[in-house]
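# A structural walkthrough
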Amino acid sequence: MRVCRTIAEIRNFVRECRAAGQTVGLVPTMGYFHEGHLTLMREAKKSCDAVVVSLYINPLQFGPKEDFAEYPRDFDRDAAMAREVGVDAIFAPPDEEMYPEGFCTYVEVTGITGRLCGLSRPGHFRGVTTVVSKLFNIVRPDRAFFGQKDAQQAMVIQRMVQDLNMDLEVVVLPTVREEDGLAMSSRNVYLSVEQRRNATVLYRSLCAFREAVERGERDAGKLRRLMVEMISSTPGAEVDYVEILSVPFLEPLEKLRGRCIAALAVRFGKTRLIDNTIVEV
Ligand code: PAF
């Protein structure tokens with residue numbers, strides 16, 4: 001597995017792949033791998049000849065009071081895990097390589113970034129779409145792989161690719177969960193034993209939402225209250241948002257109709273967790 005620290009190095013690697021007639025898959029990550037990341041890498045391996053994993057904790061997508069400094073980092077562990085699943089190259093640039101002095105160009109998707117995490121984390125998606133466009137331009141992959149846990153991120157990136165005619169396929173894969181349903185996330189390591197136990201309420205509330213929809217409930221207000229009550233009555237859980245919106249335009253709904261997403265963000269102390277589920281009515 002090749003480890004590239006500069007844009008020139010990863011471009012050389014991709015050039016070699018192209019010269020050998022290979023297709024290239026990209027898995028953008030911020031590292032501290034878990035089974036969710038590994039699933040993206042394995043799937044990328046199945047449909048692309050060469051797989052590049054980018055490992056870059058993008059300062060642009062963190063707010064001033066967010067966890068950029070504490071975000072878990074362990075390059076050697078990540079590299080060993082990526083090698084084990086057959087990744088061909090890791091692109092792990094330093095900040096100066098991604099944002100050299102004088103950098104002042106940003107990519108911004110409007111509309112759908114004005115809700116959910118876009119409201120709680122101003123500037124977050126502008127940081128994500130800027131770095132992801134840069135990664136797409138640097139690697140020029142045939143396919144890029146993202147997880148459904150970050151549903152709004154996946155929709156925003158799909159929108160950007162469509163609106164800016166970027167020549168690649170965005171593949172979104174189902175959320176990978178722990179045995180008790182908690183969505184895998186690098187941030188789960190921040191949770192205390194008690195918070196970790198209580199954090200299962202995110203998944204349980206989404207299951208309660210799905211069950212109520214299956215029983216015929218269509219009132220978005222009632223469904224939202226059901227989830228908020230479950231979460232709020234859990235020790236240590238503080239609701240950031242619980243929303244039921246249309247897919248893919250993320251518009252508020254009174255009655256569920258067509259494809260709808262129930263999305264939530266919940267804080268346990270300083271740790272903010274997100275999860276979601278999509279139903280078709
Ligand atoms: O989902 C993430 O880990 C990040 O937001 C991404 C897509 C790698 C961009 O920094």
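Criteria and thresholds
- Residues numbered from 1 in each chain as written.
- Predicted model: local features only at pLDDT ≥ 70, side-chain atom pairs only at ≥ 80, totals over all residues.
- Heavy atoms only, no water.
- Pairing = 2+ DSSP bridges.
- Helix = DSSP H or I, 4+ residues; strand = E, 2+ residues; numbered from the N terminus.
- Axes fitted to C-alpha atoms, helices over the stretch in contact; angles between N-to-C directions.
- Contact = heavy atoms within 4.5 Å.
- Salt bridge = Lys/Arg side-chain N within 4 Å of Asp/Glu carboxyl O.
- Buried < 20%, exposed > 50% of the residue type's maximum accessible area, 1.4 Å probe, protein only.
- Near = heavy atom within 4 Å.
- Polar contact = N/O pair within 3.5 Å; in protein donor to acceptor, adjacent residues only side chain to side chain.
- Areas by Shrake-Rupley, 256 points an atom, 1.4 Å probe, with all protein chains shown as cover.
- Nonpolar A, V, L, I, M, F, W, Y, C, P; charged D, E, K, R; others polar.

Strand order in the open sheet formed by 6 strands is S1-S4-S3-S2-S5-S6, and the pairing between neighbours is parallel. Both edges of this open sheet fall to strand S1 (2-4) and strand S6 (169-173), since each of them pairs with a single strand only. When the angles between neighbouring strand axes are averaged without regard to direction, this sheet yields 25°. Bridge analysis of strand S2 (residues 24-29) against strand S3 (residues 50-55) gives 6 bridges, and the strand direction is parallel. Across the sheet, Pro-28 pairs through a bridge with Ser-54, a residue of S3. Packing of helix H2 (residues 35-47) onto the sheet brings it into contact with S2, S3, strand S5 (143-147) and S6, and relative to S5 it is tilted by some 155°. Sheet strands in contact with helix H7 (residues 151-163) are S5 and S6, and its direction is about 170° off that of S6.

Below, the discussion takes up the pattern of salt bridges. Counted by the stated rule, this structure contains 18 salt bridges. Between Glu-16 and Arg-2 there is a salt bridge; the shortest N-O distance is 2.6 Å. Highlighted residues: Glu-16 in helix H1 (residues 7-19) and Arg-2 in strand S1, separated in sequence by 14 residues. The class for Glu-16 is partly exposed, based on a relative accessible area of 43%. According to the relative accessible area criterion, Arg-2 is partly exposed, its value standing at 34%. With a shortest N-O distance of 3.0 Å, Lys-45 and Asp-88 are connected by a salt bridge. Linking Lys-45 in helix H2 with Asp-88 in the loop between helix H3 (75-84) and strand S4 (89-91), this pair joins segments that are 43 residues apart in sequence. According to the relative accessible area criterion, Lys-45 is partly exposed, its value standing at 29%. On the basis of relative accessibility, which here comes to 23%, the residue Asp-88 falls in the partly exposed class.

So, on to the sheet that holds strand S9 (residues 271-280). Reading across from one edge, S7-S8-S9 is the order of the 3 strands in this open sheet, with antiparallel pairing throughout. At either end of the open sheet lies a strand with only one pairing partner, and these are strand S7 (237-246) and S9. Sheet twist, expressed as the average angle between the axes of neighbouring strands with direction ignored, equals 15°. Sheet analysis places S7 next to strand S8 (residues 259-268), joined by 9 bridges and oriented antiparallel. Bridge assignment links Ser-246 to a residue of S8, and that residue is Cys-260. Sheet strands in contact with helix H9 (residues 201-214) are S7, S8 and S9, and its direction is about 20° off that of S9.

Attention now goes to the site of the ligand. Taken together, Pro-28, Thr-29, Met-30, Asn-58, Gln-61, Val-131, Phe-146 and Gln-153 are the residues near the ligand. Between Gln-61 and the ligand, the recorded distance is 2.6 Å, taken from a side-chain N or O atom to an oxygen atom. Interatomic distance of 2.7 Å between a side-chain N/O atom of Gln-153 and an oxygen atom of the ligand. Protein contact buries 89% of the 290 Å² of open area that the ligand shows by itself. Each residue belonging to the shell around the ligand can be placed in one class, and the counts come to 4 nonpolar, 4 polar and no charged.

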